[in-house]
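Listed here are the chains, written in short residue letters.
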Amino acid sequence: MSTSKSIVLIHGGFVDGSGWQSVYQILKNDGFEVIVVQNPTITLTDDVAITKRAIASAKGDVVLVGHSYGGVVVSEAGNDPKVKSLVYITAFAPDKGESVASLIANPAPGAPVPPILPPVGGFLSLDREKFAASFAADVQPELAAFMGDSQVPWGLKALQGAVIEPAWRAKPSWYLVAKDDGMIPPPAQRMMASRAGSHVIEARGSHAIYISSPEVVAAVIRHAAE
């Protein structure tokens, strides 16, 4: 395995970068440089700019990893020439002109619907009582409850931010489908992964698979780095 690559990890909406801690530690122990991006998730434009600064600071070529909404950031920021491969962890992988808002606009009959509350002041949050079941069903209950109570408000402008040119059209990508995801329906994940031509790995896990099964997630990232 080559550890000359740098790994840049991007979190999704409603959470921050601390959820990557176990994945971070595994990859650091493997010898990789690992950078965790802390995006404010207010607008896609700002999140892409912050991610590009992280990419610029990396010592080596970059494997860019995104969870959930972080996949939108990956799809745009991944056009940076330092980025050599993309990894989507149960993430949105939008095509040109698509956003999270457009991708979730028409859920399939019977598909899980995220418990997103009406926006307040331009920001979204999840129903705390339903957070664990939808987002983190396989996470330790105390931690899942903390995640629900410590949510990061997700800006409507981030939700509505559309990708200009998806990096997956020009760069290799990997996609981890979480088969028990209650936020992004697995069939939608498979559709996006197939469209992107991604190397697809499927595993049992919730939307928070990067927290509940960090070894599985780290293994996918290793494949992308090899």
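Attention here is on the structure that accompanies the text.

What counts and how
Residues numbered from 1 in each chain as written. Predicted model: local features only at pLDDT ≥ 70, side-chain atom pairs only at ≥ 80, totals over all residues. Heavy atoms only, no water. Helix = DSSP H or I, 4+ residues; strand = E, 2+ residues; numbered from the N terminus. Buried < 20%, exposed > 50% of the residue type's maximum accessible area, 1.4 Å probe, protein only. Contact = heavy atoms within 4.5 Å. Lys, Arg positive; Asp, Glu negative; His and termini not counted. Charge placed at Lys NZ, Arg CZ, Asp CG, Glu CD. Axes fitted to C-alpha atoms, helices over the stretch in contact; angles between N-to-C directions. Parallel < 35°, antiparallel > 145°, perpendicular 65-115°, else oblique. Left-handed = near helix turned anticlockwise from the far one by under 90°. Nonpolar A, V, L, I, M, F, W, Y, C, P; charged D, E, K, R; others polar. Salt bridge = Lys/Arg side-chain N within 4 Å of Asp/Glu carboxyl O. Pairing = 2+ DSSP bridges. Right-handed = clockwise from strand over helix to strand, strands pointing away.

As a further point, take the overall build of the protein chain. On a plain count of helices and strands, the protein chain comes out with 10 helices and 8 strands. Residues counted as buried form 54% of the 226 residues belonging to the protein chain. A separation threshold of at least 6 residues defines the contact pool for the protein chain, and within that pool the share at least 24 residues apart is 72%. Distance from the positive charge centre (18 side chains) to the negative charge centre (21 side chains) of the protein chain: 6 Å.

Working note: a packed helix pair is described by the angle between its axes plus the distance between those axes. In contact at an axis separation of 9 Å, helix H5 (residues 128-135) and helix H6 (residues 141-149) are set at 125 degrees when each is read in the N-to-C sense. Comparing the axis directions of H5 and H6 gives the class oblique. Crossing angle aside, the handedness with which H5 passes H6 is right-handed. Residues Arg128, Phe131, Ala132 and Phe135 of H5 form the contact with H6, whose own contacting residues are Ala144, Met147, Gly148 and Asp149. Counted by class, the contact of H5 with H6 contains 5 nonpolar, 1 polar and 2 charged residues.

Another aspect to go through is the pattern of salt bridges. Scanning the entire structure with this criterion turns up 6 salt bridges. In this structure, the salt-bridge partner of Asp180 is Arg204, at a minimum N-O distance of 2.4 Å. Of this pair, Asp180 sits in the loop between strand S7 (173-178) and helix H8 (186-196) while Arg204 sits in the loop between strand S8 (199-203) and helix H9 (209-212); the two residues are 24 residues apart in sequence, bridging distant segments of the chain. The partner of Glu202 in a salt bridge is Arg190, and the shortest N-O contact between them spans 2.7 Å. Remark: Arg190 occurs in helix H8 and Glu202 occurs in strand S8; sequence separation between them is 12 residues.

A word on unusual backbone geometry. Of note, Thr41 is a non-glycine position whose phi angle comes to about 50 degrees, a positive value. With respect to the secondary-structure elements, Thr41 resides in the loop between strand S2 (33-37) and helix H2 (44-57). At Ser68, a position not held by glycine, the phi torsion is positive, near 55 degrees. Judged by its relative accessible area of 7%, Ser68 falls in the buried class.

Relative to S2, strand S1 (residues 6-10) runs parallel, the two sharing 5 bridges. Its bridge partner lying in S2, Leu9 is registered against Val36. The parallel pair S1 and S2, bridged by helix H1 (residues 21-29), forms a crossover whose chirality is right-handed.

A separate point is the environment of Gly182. Within the element layout of this structure, Gly182 appears in the loop between S7 and H8. Distance in space between the C-alpha atoms of Gly182 and His207 is 6.4 Å, their sequence separation being 25 residues.

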